[in-house]
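One letter stands for each residue in the lines below.
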Amino acid sequence: MAKKIVSALGKFSNSTSSGNDDTYKQSNIADYTVAKKVEGKYKTQRILFWAVSIVAILALILVGCAINSYLGLALIVFSVMVIMALNYFLFRYLKIEYSYAIENSELICTEIYGNTADKLLLRIKTSSIERVIPYEGEYKAEVDRTGFEEKIDLRSTPNTDQAYCVLYRKDDGKQGVVFLEACNKTLKAFKYYNSQNTVVKEMRR
């Protein structure tokens, strides 16, 4: 059985930090993962997925029963297998978590699907990070009026009160921003690499 993917410090990690608990005591290594809150369009997509799937399966079973009772019974067994397959292969893409890690002078951002698959969204050197600031007050106003060429949102919900912004500039000059939920450990890691341009406030976690 494949190992569960629970953090950006997974297959995209460039060291063995995810396998050694002692490394988390270091101030330059941290990661944080949040589940996408089931609301709005995301909630509708999840409901529609199962509604359409179940209606289609029930229709198939009814047709089978109308033709032959044994065929209907076989289709019921087959439907259970189909539901399990749908849950594993497709519904996982509607079970989303966002994760980021600071490790070995890099910021790694990923999207995790049902703990079984993940997608690399961003990987940059911490030297490319220009500022790490809370997404609130005057900082929020500044970020909102800036035209970024890249935007990555790792927040569980836009309504979170734990939001931070990571402003970066790539080697090609392209500017971007990562919206994320910070914790005390990740802010400590950001400050380790960029103390002058990291604004730290006490977080709940």
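Residues numbered from 1 in each chain as written. Predicted model: local features only at pLDDT ≥ 70, side-chain atom pairs only at ≥ 80, totals over all residues. Heavy atoms only, no water.

K.L.:
Looking at this structure, how should I read the pairing of strand β4 (residues 117–125)?
P.N.:
Look at any regular strand and the pattern is simple: side chains alternate between the two faces of the sheet. As defined by bridge partners, strand β3 (residues 106–113) adjoins β4 across eight bridges and the pair is classed as antiparallel. Of the residues in β4, the one forming a bridge with Thr110 is Leu120. (Pairing = 2+ DSSP bridges. Helix = DSSP H or I, 4+ residues; strand = E, 2+ residues; numbered from the N terminus.)

K.L.:
Mind showing me how you'd approach the side chain of Ser156 here?
P.N.:
As for its placement among the helices and strands, Ser156 is situated in the loop between β6 (150–153) and β7 (163–169). Owing to a relative accessible area of 14%, Ser156 belongs among the buried residues under this scheme. Within polar-contact distance, the side chain of Ser156 engages the side chain of Glu181 at 2.4 Å. (Buried < 20%, exposed > 50% of the residue type's maximum accessible area, 1.4 Å probe, protein only. Polar contact = N/O pair within 3.5 Å; in protein donor to acceptor, adjacent residues only side chain to side chain.)

K.L.:
Would you mind showing me how to read the state of the cysteines here?
P.N.:
In a disulfide, the sulfur atoms of two cysteines are held together by a covalent bond. For the structure shown, the criterion picks out zero disulfides. Free of any disulfide, Cys109 has its nearest neighbouring cysteine sulfur in Cys165, separated by 12 Å. The exposure class of Cys109 is buried, given its relative accessible area of 0%. (Disulfide = S-S within 2.5 Å.)

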